[in-house]
Amino acid sequence: SPLEERVREKNLVLNQKNHQQLKSGMVLNFSIGFKDLKDRKSGKPYAMQIADTYLVTSEEADGHKLLTVVRRGWENVAFRGNGDEDEDEDEELDTKQQAATLSHYERRRQNREKEERATREAAVREKEMRQLAKRKQEELLRRLAKDGVQDNFNEEKKFDYSKINSYKSVSDFPSQARPNQLYVDIRKETILVPIFKQLVPFHISTIRTVSKQEEGGNLILRLNFATPNMKFKSRNDYIHAVPQNKHFIQELTFKAPAGHHDNLERSYFGIQELRKRVKNRIKEKEDKRSIVVQKELRVLRGGGAKLRDLS
């Protein structure tokens, strides 16, 4: 049959029905095949195909030229085939695809496990760091206490009631105080309040807020006291320390008509100034409490180590 690139012309196939004439320049392929042959030694079946390619030419004496000049030994042309090779290839391909799919899910599982393990390890490290920091702080406090430094970091002191014991008796009241007027004792940090023509002392720590306002020409001064079960923006040592089953005064209101505001005005500004002083004193005390006492410095005799020129 004539040779063309990947094309087999049926009308040019050499057979009894083909009456085409051969022309110079044509290339023909002669092929004959046998099947169901048996090997004499092994008895295994095999197939055989013999093929040659010729060039039709007028230059040769016999009119053709052999183009397939190759080795024709059995070891050069024979090969063993497997009928299940395609199936094996398909199975191998499916196996590879399954392996790739499994590998994808395996990678996702491994990444997820890796992230979970990293999270657990980070939590463990953070816990260990907190425990280490706590141990270091305890060791530092013990060392400072051993060196004679006062430990004021976590010290919880009981409330000292002597702080609000302004007067031991009525005779200790200031002579300037009047039975029917408010009086602010700056030195004792106490406000003397007239109740039924008797002066009743209230320490500044018992007062929560103080306010004043004018209504119809009258000046109204209102004192709010610290009482149990009330929410405070700042800590009140007094109200947390006193017994909670006692009776408390929550509010006192004083009113002065027009032209008689002087006492309430002085009392209002005196209470505000006293509250400011007390807050500043408490803040200063808390600041000093956080200061660590340093040991006395000693002069090193005989000269110490000195840094030389490091350049």
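Rules used throughout
- Residues numbered from 1 in each chain as written.
- Predicted model: local features only at pLDDT ≥ 70, side-chain atom pairs only at ≥ 80, totals over all residues.
- Heavy atoms only, no water.
- Helix = DSSP H or I, 4+ residues; strand = E, 2+ residues; numbered from the N terminus.
- Buried < 20%, exposed > 50% of the residue type's maximum accessible area, 1.4 Å probe, protein only.
- Contact = heavy atoms within 4.5 Å.
- Areas by Shrake-Rupley, 256 points an atom, 1.4 Å probe, with all protein chains shown as cover.
- Pairing = 2+ DSSP bridges.
- Axes fitted to C-alpha atoms, helices over the stretch in contact; angles between N-to-C directions.
- Polar contact = N/O pair within 3.5 Å; in protein donor to acceptor, adjacent residues only side chain to side chain.
- Phe/Tyr/Trp six-rings, centres within 6.5 Å; stacked < 30°, edge-to-face > 60°.
- Core = buried A, V, L, I, M, F, W, Y, C linked by side-chain atoms within 4.5 Å.
- Patch = residues over 30% accessible without salt bridge, like charges linked within 9 Å, V, L, I, M, F, W, Y side chains within 5 Å.
- Salt bridge = Lys/Arg side-chain N within 4 Å of Asp/Glu carboxyl O.

Q: Quick question: what am I supposed to make of the overall build of the protein here?
A: Check the secondary structure of the protein and you find four helices and nine strands. In the protein, which comprises 311 residues, the share counted as buried stands at 20%. Long-range contacts, defined as pairs at least 24 residues apart, comprise 46% of the intrachain contacts of the protein with a sequence gap of at least 6. Looking at the protein as shown, the accessible area adds up to about 26700 Å², and 49% of this sits on carbon and sulfur atoms.

Q: Sorry, what's going on with the sheet that holds strand β3 (residues 64–66) here?
A: The pairing of strands in a sheet comes from backbone hydrogen bonds and takes either a parallel or an antiparallel form. Read across the open sheet, the three strands follow the order β1-β2-β3; overall the sheet is antiparallel. Taken across any chain shown, the strands that pair with only one partner, and hence form the sheet edges, are β1 (27–38) and β3. Across this sheet, the average inter-strand angle for adjacent strands is 30°, counted without regard to direction. Here ten bridges tie β1 to strand β2 (residues 45–56), and the two strands are oriented antiparallel to one another.

Q: Please clarify how the pairing of strand β9 (residues 251–256) should be interpreted in this entry.
A: Consecutive side chains along a regular strand alternate between the two faces of the sheet. What you see with β9 is a clean split: Leu 252, Phe 254 and Ala 256 sit on the buried side and Glu 251, Thr 253 and Lys 255 on the side with no burial. Looking at chain direction, strand β8 (residues 218–225) and β9 are connected through six bridges and run antiparallel. When the sheet's bridge partners are listed, Leu 221 is paired in β9 with Phe 254.

Q: Is there a simple way to explain the side chain of Asn 263 in this structure?
A: Assignment of secondary structure puts Asn 263 in helix α4 (residues 262–289). Overall, Asn 263 belongs to the buried group, its relative accessible area being 15%. From its side chain, Asn 263 meets the backbone oxygen of Leu 182 in a polar contact 3.0 Å long. Those residues in contact with Asn 263 that sit more than four places away from it in its chain are Gln 181 and Leu 182.

Q: Just checking my understanding: could you explain the packing of aromatic side chains for this structure?
A: For any pair of aromatic rings, geometry is given as the distance between the ring centres together with the angle between the planes. Counted according to the given criterion, the structure contains three aromatic pairs. Taken together, a centroid distance of 5.0 Å and an interplanar angle of 70° make the contact between Tyr 167 and Phe 173 edge-to-face. For the ring pair Tyr 268 and Phe 269, a centre distance of 5.4 Å and an interplane angle of 75° mean the geometry is edge-to-face.

Q: Explain the nonpolar core here, please?
A: In this structure, Ile 191, Val 193, Ile 204, Leu 223, Phe 254, Leu 264 and Ile 271 are the most contacted members of the largest nonpolar core, which totals 20 residues. Broken down by secondary-structure element, the contributors of at least two residues to this core are β5 (190–195), β7 (207–215), β8, β9 and α4. Of all the elements, α4 adds the most residues to this core, at five residues. If near-sequence neighbours (up to four positions away) are discounted, Ile 271 is found in contact with Val 184, Ile 191, Ile 204, Val 210 and Leu 223. Core analysis: the next-biggest nonpolar cluster, separate from the first, contains five residues, Tyr 167, Phe 173, Leu 192 and Leu 199 among them.

Q: Would you mind going over a nonpolar patch on the surface with me for this structure?
A: Side chains of Leu 14, Leu 22 and Phe 30 sit close together on the surface and give an oily, nonpolar patch of about 280 Å² of accessible area. Mapping Phe 30 onto the fold places it in strand β1. Overall, the relative accessible area of 39% leaves Phe 30 in the partly exposed class.

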